[in-house]
Every structure is written in structure tokens, then in C-alpha cells.
Amino acid sequence: MAKAQKNFVCSNCGAVTTKWSGRCDGCGEWNTIAEEKPLSQAGPASKTLGGLRGKEIPLSTLSTQEAPPPRTASGLGEFDRVLGGGLVEASAILVGGDPGIGKSTLLLQAAARFADSGLKVVYISGEEAPAQVRMRARRLGLSEASVKLGAETNLRDILTTLEKEEPDLVIIDSIQTMWADNVESAPGSVSQVRAAAHELTTFAKTRGVSVILVGHVTKEGQLAGPRVVEHMVDTVLYFEGERGHQFRLLRAVKNRFGPAHEIGVFEMTGDGLSEVTNPSALFLSERDEPAPGSVVFAGIEGTRPVLVEFQALVAPSPHSQARRTVVGWDGSRLAMILAVLESRCGIPFAGLDVYLNVAGGMKVSEPAADLAVAAALLSAREDAALPKDCVVFGELSLSGALRPVGQAENRLKEARKLGFSSAIAPAQTKAGLASGMELRQMRDLVGFVGDIFGAG
Ligand code: TYD
Ligand code: MG
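Throughout this document, residue positions are counted from 1 along each chain, in the order its sequence is written. Here chains are named by letter from A upward and ligands by number from 1 upward, in the order in which they appear as written. Predicted model: local features are reported for residues with pLDDT of at least 70 only, side-chain atom pairs are reported and counted for 80 or more only, and whole-chain, interface and lining totals are derived from all residues. Water and hydrogen atoms play no part in the side-chain values, which are based on all heavy atoms of the structure.

**Considering the site of ligand 1**
Basically, it comes down to this: What makes a residue near a molecule or strand is one non-hydrogen atom of that residue sitting within 4 Å of it. Here a polar contact means two N or O atoms within 3.5 Å. Within protein one must be a hydrogen donor candidate and the other an acceptor candidate, and residues neighboring in sequence count only if both atoms are side-chain atoms. Strands here are runs of E lasting at least two residues and helices are runs of H or I lasting at least four, both read from the DSSP assignment and numbered beginning at the N terminus. Polar here means any residue outside two lists: the nonpolar Ala, Val, Leu, Ile, Met, Phe, Trp, Tyr, Cys and Pro, and the charged Asp, Glu, Lys and Arg; Gly therefore counts as polar.
Around ligand 1, a shell composed of 16 residues is seen, among which Gly100, Lys103, Ser104, Thr105 and Gly272 lie nearest. Note that an oxygen atom of ligand 1 is positioned 2.6 Å from one of the side-chain N or O atoms of serine 104. Of all the elements in the fold, those that place two or more residues in the shell around ligand 1 are α2 (103–116), α3 (130–139) and β13 (263–269). No other element matches α2, which puts three residues into the shell around ligand 1. Each residue belonging to the shell around ligand 1 can be placed in one class, and the counts come to four nonpolar, seven polar and five charged.

Here it is, written out as C-alpha cells:
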């Protein structure tokens, strides 16, 4: 007789293994693997569907004309932007983020705005008592909003209520607290979270209701993270921000109804999240005199240009192994740029500690920031500031050559709008007639070093 197979599931990425291990091979996280009951005793492969015929389904052609899906804008502009222009009917949205980052605050504010735009909104809290949610609503000045509030974790009861209420939008805060009584695992386990997300998204599709699921990013093995349900929903948004900074970014990681990588920018204030319509001004607000090591990068986030400041510090290292510390940018990309500076330009960083930071708690992932990072490192090392009115962008290849990047004109326009008058960019960058910026085009990093820092 076959022994019952044990199942181990990673709570971060959902990878299934037959053995426990300290580190997940799938995503590399530590201590996220826990044992779980197999999802079904027999497994789908043991029964064939062949014997009994089902009913035929209608197939259509690709050329069928369809109206774009109806959308409702909340009026909370930054939220609508990230959704791709508003909430699509019958869509399922996941909003992930660290505990305490402001997910409940954001969604309560969004719920109130959607209710004002005429949607019937139900907010189910599995974490807080109604009194607590009401207290937050009062603090946000939303006590009068026509949002219906429920505090429940039993999925069957929630679905029964929703069937009767027939809302347009349901917010589930959070998916980790929901439990389906037909699944044996504990609430918060991967199977429970997946089952609950599946029930809710199916409900959304069949009833024409939009659902927003809140998911905490978790660090423990027993609780499933939002990544395990990413594939079930139409749109995945992450709410991010550095602790100690008031900025919050809502980032679209996946969106079936709009552009991915779009960001919405908010500021956490004493009475809730307020929209930041001009993020560049915010991220640069602490800048005054040009300082060595500080360089403004003209970046693109989603469809919108954003200027951010890179800050570098280079100092002799007291340790035998020099430090490389990065905040807001990719560590291996930094190592690459240091290597290019050393081997192509002959500028050594050995024995020097290197710190790189993106101001304002922003995270940058564009390769177009390579040249700005190189410039910040050089400027810090040479103790020479770049001109105050200058922005930098360009991708670096391992040969030291600079590659042109997309949307140069948008980057330049945004820089000019914020009072910058010159830009350092790769050769072949097309400024467009509109930009009106002085453009200094560089073919490679060696030329850049010679031109800007007068060394080579
Ligand atoms: P919350 O929305 O509860 O976070 P999450 O649902 O992601 O766990 O917000 C948590 C933090 O936000 C809390 O530390 C207090 C702060 N906050 C404000 O600064 N201003 C406000 O108006 C509100 C409602 C919360
Ligand atoms: Mg919350």
C-alpha cells in the first residue's frame, strides 16, 4: 500500500516539495516551508473525465468586437491611475504590503470614494472589530460614507451575505484571516488562503462583483504571503514605503486591464493618505546646494517620468573587506557598475567603502539609472559635485559603452518642468524639439569621466 505522501509548501512562493528544508529552492527565502495536508486525497489524475461527456461550450473568433470593460473611477486619482484608469467591473485585485504600511487606510479611503461615485461597497474586516474600523473612518473624516461594514472571517457566511447584498465592490481585509470550512488546514495556511482567494475570485467573475483582497507580506513560515494568490487575480498591486518615511508607493506588478509598473504616490499624514500628484518635486524636495555624491536621475515609472536623487558616499574602509551598502537600488547592479568603472576606466574602488541610497525611500529598478549611479559614485570618490541644474540617465553595458534608453523626451520634459536646464545622456538620444534642454551626449563611460570629471 502506498504511504500517504507528505507535502511541504513554501508560504512565500507556494512551491511544493516532498521534504522539509530550511531554505526554499523556489524563492530563496528562509524558514518559509511548512507541512500541509495534500489538497485532495485522490488527486485529479486518478480519475479520468473521458467516460461521461459534458455539455459543449460555445467558441468564438478573435475578431468579435467588444466594448472596453466598463470602469468606475474613484476620484482618488493616484489609485485610479494604478488600476489603469479606474475599477473594472467583475475584476479581482490583490493589494499586498507589509503590516502597518497603510493598506487598510488606503482601502477604506478608496471604498468611501467609490461609494461616492455610486458603487455599492461592502468592506469586510477579518482583523479589526467594526468599532476599530469606525474609529479609523472618523479619523479620516469618512464617517458619513455609505460603505457597509462587516467583521467576519467565515467565508461561507461572507459569501451568503454578499449574495443577498449584491454589492458592486467587496473589500476583504485580509485574505489571510479568511477560512473556508471545507478545507482542513488552519486559517492563514497556503491551502486556506488559496481556497479563499479562489472562492472569492470565482464569486467576482460569476456575479459581476469586483473584489479587492488585502494580503500581508509575511515573514513567518506558518502564514501564507500574497504571492501564493497572485496568479488567481487580474491585478496585483503592492503598497510600499520605507518605515520612517511618509511616502507610500502603490505599484502595479501585474494588470490585465492596464499598464504594469504604473505607480501611484501617496503621503501618510495625520488624517490619512493624501495624493502626491507631482512625485518628482517631492523626491527632490530636500535638495538645496549641489553636493558631491548626489546626482538627479530622470527616470520613468510606468508611464510617468519621475526624478529621483541618487546619493553616494565613498570612504576608506577600516575593514579588510570593504562594504557595499545599497538602499533603493539593486546590489548586484552596483557591483557591476563598480567593476566597469575599475576595469574600463581604471578607477579602483578596492579598499573603499561604498554606500548608495535613493532619497525619499524610493526604489529604482530601471537599468537607465546606471549612468546616474556611476556619476554619483565618481562624484563621491572625486569629491566633486555635478552642476546643480543637471539630470543624468543612460544604460551602461559591460564594455563601458552607453546605450540609449526609452522615453528620453519625456524624461527631459519632466526635468525642464522642474527647473533643470541640462542633461547628460547617451549618444543618439533624441531630445525632440520640445525639450529645450542643453543635452550633453556621451558615447561611453571613459568619455563621460574625462568630460565631466576631467580624469580618465
Ligand atoms: P493601516 O492602514 O492599519 O496599515 P495596514 O492595514 O497595512 O496594516 O495603517 C497603519 C499605520 O498608519 C499606523 O501605524 C498609523 C498610520 N496612520 C496614520 O499615520 N494616519 C492615519 O490617518 C491613519 C488612519 C493611520
Ligand atoms: Mg490592516
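**Some words on the side chain of glutamate 262**
In plain terms, the rule: Note on exposure labels: buried denotes an accessible area under 20% of the residue type's maximum, exposed denotes more than 50%, and partly exposed covers the range between, all computed with a 1.4 Å probe on protein chains only. Here, two residues are considered to be in contact whenever any of their heavy atoms come within 4.5 Å of each other.
You can see glutamate 262 is positioned in the loop between β12 (247–255) and β13. Looking at glutamate 262, the relative accessible area reads 3%, which means it is buried. Side-chain polar atoms of glutamate 262 contact the side chain of threonine 303, separated by 2.6 Å. Discounting residues that sit within four places of it in the chain, glutamate 262 has contacts with Arg81, Val82, Leu250, Arg251, Ala252, Glu301, Gly302, Thr303 and Arg304.

**Concerning the packing of helix α8 (residues 370–382) against helix α10 (residues 445–453)**
Basically, it comes down to this: Axes, fitted as lines to C-alpha atoms, cover a helix only where it is in contact. Angles between the N-to-C directions of the axes lie from 0 to 180 degrees. What sets the label is the angle itself: under 35 degrees gives roughly parallel, over 145 gives roughly antiparallel, 65 to 115 gives roughly perpendicular, and the rest give oblique. Crossings are classed by handedness, with left-handed meaning an anticlockwise turn of the near helix from the far one by less than a right angle and right-handed meaning a clockwise turn.
Two elements in contact, α8 and α10, have axes whose closest approach is 12 Å; the angle formed by their N-to-C orientations is 45°. It follows from the interaxial angle that α8 and α10 lie oblique. As for the relative orientation of α8 and α10, their crossing is right-handed in sense. Judged by residue contacts, Leu371, Ala374, Ala375, Leu378, Ser379 and Glu382 of α8 engage Leu445, Phe448, Val449 and Phe453 from α10. Grouping the constituent residues of the contact of α8 with α10 by class yields eight nonpolar, one polar and one charged.

**Description of the nonpolar core**
Keep this limit in mind: To define a nonpolar core, start from buried Ala, Val, Leu, Ile, Met, Phe, Trp, Tyr and Cys residues and group those joined through side-chain atoms within 4.5 Å.
Counting residues in hydrophobic clusters, the biggest one holds 65 residues, and the most contacted among them are Phe310, Trp329, Leu377 and Phe448. The greatest single-element share of this core, amounting to nine residues, is contributed by α8. If you look at the next biggest cluster of nonpolar residues, it comprises 31 residues, including Leu107, Leu108, Ala110 and Phe239.

**Quick notes on the packing of aromatic side chains**
Applied cut-off: To pair, rings of Phe, Tyr and Trp, with the six-membered ring standing in for Trp, must have centres within 6.5 Å; the planes then decide the type, stacked if under 30 degrees apart, edge-to-face if over 60, and tilted in the middle. Charges are assigned to positions over rings by a cutoff of 6 Å between ring centre and Lys NZ or Arg CZ, combined with an angular limit of 35 degrees from the ring normal.
What the rule picks out here adds up to five aromatic pairs. Taken together, the aromatic side chains of Phe297, Phe310 and Trp329 make up a single cluster linked through ring pairs. Here arginine 381 stacks its cationic end above the ring of phenylalanine 349, 5.6 Å away from the centre of that ring. The side chain of arginine 411 reaches across the aromatic face of phenylalanine 393, ending 5.6 Å from its centre.

**Observations regarding the pattern of salt bridges**
Threshold: Only one rule defines a salt bridge in this text: a Lys or Arg side-chain nitrogen within 4 Å of an Asp or Glu carboxyl oxygen.
With the rule as written, the count across this model stands at 17 salt bridges. As a salt-bridge pair, glutamate 262 and arginine 81 come within 4.0 Å of each other at their nearest N and O atoms. In this pair, glutamate 262 sits in the loop between β12 and β13 while arginine 81 sits in helix α1 (residues 77–83), placing the two residues 181 residues apart along the sequence. Between arginine 333 and glutamate 395 there is a salt bridge; the shortest N-O distance is 4.0 Å. Taken together, the positions of arginine 333 in helix α7 (residues 331–345) and glutamate 395 in strand β20 (residues 395–396) put the pair 62 residues apart, joining distant regions of the chain. You can call arginine 333 partly exposed: its relative accessible area is 22%. Beyond isolated ion pairs, a larger network of salt bridges with shared partners links Glu78, Arg81, Glu262 and Arg304.

**Focus: the pairing of strand β9 (residues 169–173)**
Inclusion rule: Strands are treated as partners if at least two bridges between them are detected by DSSP.
Counting buried residues in β9 gives five out of five residues, a clear majority hidden from the surface. Going residue by residue along β9, you find Leu169, Ile171 and Asp173 tucked away on one face and Val170 and Ile172 tucked away on the opposite face as well. Both β9 and strand β10 (residues 210–216) contribute to a ladder of four bridges, which runs parallel. Counterpart to leucine 169 in the pairing with β10 is serine 210.

**With respect to α7**
To be explicit about the condition: Multiplying one less than the number of residues by 1.5 Å gives the expected span of a helix. For this quantity, the arc is that covered by the directions from the helix axis to the C-beta atoms.
Compared with the 21 Å implied by 1.5 Å per residue over 15 residues, the 21 Å span of α7 between its first and last C-alpha is a close match. Residues of α7 that are buried: Leu334, Ile337, Leu338, Val340, Leu341 and Cys345. Looking straight down α7, one finds its buried side chains confined to an arc of 155°; they lie on one side. Away from the buried face of α7 by more than 90 degrees, exposed residues Ser332 and Ser343 are located. The secondary structure elements touched by the buried residues of α7 are β17 (324–327), β18 (352–358), α8, β20 and α10. Where α7 terminates, the next one or two residues include glycine 346, which has phi positive at roughly 65°.

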